[in-house]
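# Structural description and commentary
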Amino acid sequence: MADDMHDAVVNYIARTRFPFPGQTTWAADYRTLTNVPDRNRGIQTPSGEHFPDIVIVDGTGRVRELGEVEMNVSDISAPALKATSETADTDTPTKVRHFFLYVPVGQEAAAQALLETNGVSYAGLRSFQVSGNGQIKIIPFVTPGDSYDHQVTD
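Residues numbered from 1 in each chain as written. Predicted model: local features only at pLDDT ≥ 70, side-chain atom pairs only at ≥ 80, totals over all residues. Heavy atoms only, no water.

### Quick word on the overall build of the protein chain
As a reminder of what qualifies: Secondary structure elements follow DSSP: runs of H or I of four or more residues count as helices, runs of E of two or more count as strands, with numbering from the N terminus. All radius of gyration figures rest on C-alpha atoms, and the globule criterion is 2.2 Å times the number of residues raised to 0.38. For the exposure calls, accessible area comes from a 1.4 Å probe over protein chains only, and a residue counts as buried if that area is under 20% of its type's maximum, exposed if over 50%, partly exposed in between. Accessible surface is estimated by sampling points in the Shrake-Rupley manner with a 1.4 Å probe; for residues, cover comes only from the protein chains shown.
Scanning the protein chain from N- to C-terminus turns up three helices and eight strands. Tracing the protein chain from N to C terminus, the helices and strands come up as α-β-β-β-β-β-α-β-α-β-β. For the protein chain, whose C-alpha radius of gyration is 14 Å, the value lies close to the compact-globule estimate of 15 Å for 154 residues. Scored against the burial criterion, the 154 residues of the protein chain give a buried share of 48%. Here the protein chain displays about 7600 Å² of accessible surface, and carbon together with sulfur accounts for 49% of that area.

Right, here's the structure in full:
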């Protein structure tokens, strides 16, 4: 059941935030891929190949942006997040990595502490909420990257 919820959140984020509806600044050659339920695009890390939940590539196949959805901050591997982040580009106004982390509502502060304590560069930390009827809401917590990305989706 947790895997089903995770996959639903990943697919919702990929569909509604990469790009946002009506976003005019999204490059025409960007493609949004997910690695749930099937693995579509991996990245190389010092620990080997990793399959982030969301991978944005440009027309040349270069990884531009990455997103990870975590169901519990206490289960997060900081080295894995750091390695994932370092694969994303730095084409943000503030030159942070185009890496986004999504955690359940209520776990944002713990996730931020984990990111910052371990020197993980990120463009946005978001929380998600899933209602009893399955409706998903994404709530921005902190956005060190592009302020345009600081949007609620539901």
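### Points about the packing of aromatic side chains
Formally: Each Phe, Tyr or Trp ring (for Trp, its six-membered ring) is paired with any other whose centre lies within 6.5 Å, and the angle between the two planes then decides the class: stacked below 30 degrees, edge-to-face above 60, tilted in between.
Counted under the stated rule, the structure contains four aromatic pairs. Taking the centre distance of 5.7 Å and the plane angle of 80° together, the rings of F20 and Y148 count as edge-to-face. Of this pair, F20 sits in the loop between α1 (2–17) and β1 (31–34) while Y148 sits in the segment after β8 (136–142), and the two are 128 residues apart along the sequence. Judged by its relative accessible area of 34%, Y148 is partly exposed.

### Some details on the nonpolar core
Soluble, globular proteins show a tendency: their nonpolar side chains are buried together. Which entries qualify depends on this criterion: Side-chain atoms within 4.5 Å are what join buried Ala, Val, Leu, Ile, Met, Phe, Trp, Tyr and Cys residues into a set we call a nonpolar core. It only takes one pair of heavy atoms within 4.5 Å for two residues to be counted as in contact.
Judged by nonpolar contacts, the single largest core of 20 residues is most densely connected at L66, L81, F99, L101, L115 and L125. Put simply, the parts of the chain that give this core at least two residues each are β4 (54–57), β5 (63–69), α2 (78–85), β6 (99–104) and α3 (108–117). When near neighbours in sequence (up to four residues on either side) are disregarded, L125 contacts L101, V103, E108, A111, Q112, L115, P140, F141 and V142. Ranked by size, the runner-up nonpolar core spans 19 residues in total, among them V36, V69, Y102 and I138.

### What about unusual backbone geometry?
The omega torsion across F18 and P19 is 10°, close enough to zero to call that bond cis. Relative to the elements of secondary structure, P19 occurs in the loop between α1 and β1. Omega for the peptide link from V36 to P37 comes to -5°, which places this bond in the cis form. Positionally, P37 belongs in the loop between β1 and β2 (43–45).

### Topic: α3
Selection criterion: It is the directions from the helix axis to the C-beta atoms that the arc portrays.
Three or more residues of α3 are buried, namely E108, A111, L114 and L115. The arc that holds every buried residue of α3, seen down its axis, measures 125°, which confines them to one face. Projecting away from the buried face of α3 at angles above 90 degrees are the exposed residues A109 and T117. Immediately beyond the C-terminal end of α3, within one or two residues, lies G119, with a positive phi of roughly 65°.

### A word on the pairing of β6
Note the threshold: Strand pairing is assigned whenever DSSP identifies at least 2 bridges connecting the two strands. Here a crossover is taken to be right-handed if, once the strands point away from the viewer, the path from the first strand over the helix to the second is traced clockwise.
Taken across its six residues, β6 has six buried, putting it largely inside the fold. Note: β5 against β6, four bridges, orientation parallel. In the sheet register, E68 faces β6, and the bridge partner there is L101. The pairing of β6 with strand β7 (residues 124–130) spans five bridges and is classified as parallel. In the strand pairing of β7, F100 is matched with G124. Handedness of the crossover is the feature at issue here: the chain leaves β6, passes through α3, returns alongside β7, and the resulting connection is right-handed.

### Re the sheet that holds β4
Hydrogen bonding along the main chain pairs the strands of a sheet, whether they run parallel or antiparallel. Basically, it comes down to this: Axis angles are defined between N-to-C directions and span 0 to 180 degrees, where every axis is a line fitted to C-alpha atoms and, for a helix, only to the segment in contact.
Pairing within the open sheet is mixed, and its six strands lie in the order β1-β4-β5-β6-β7-β8. What marks the edges here is a single partner per strand, and that holds for β1 and β8. Looking at each pair of strands side by side, their axes are set apart by 20° on average, direction ignored. Here β7 runs beside β8; their pairing, made up of six bridges, is antiparallel. Bridge assignment links R126 to a residue of β8, and that residue is P140. Contacts between α2 and the sheet are confined to β5 and β6, with β6 contributing the most and set at about 145° to the helix. In the packing of α3 onto the sheet, the strands contacted are β6, β7 and β8, and the crossing angle to β6 comes to about 145°.

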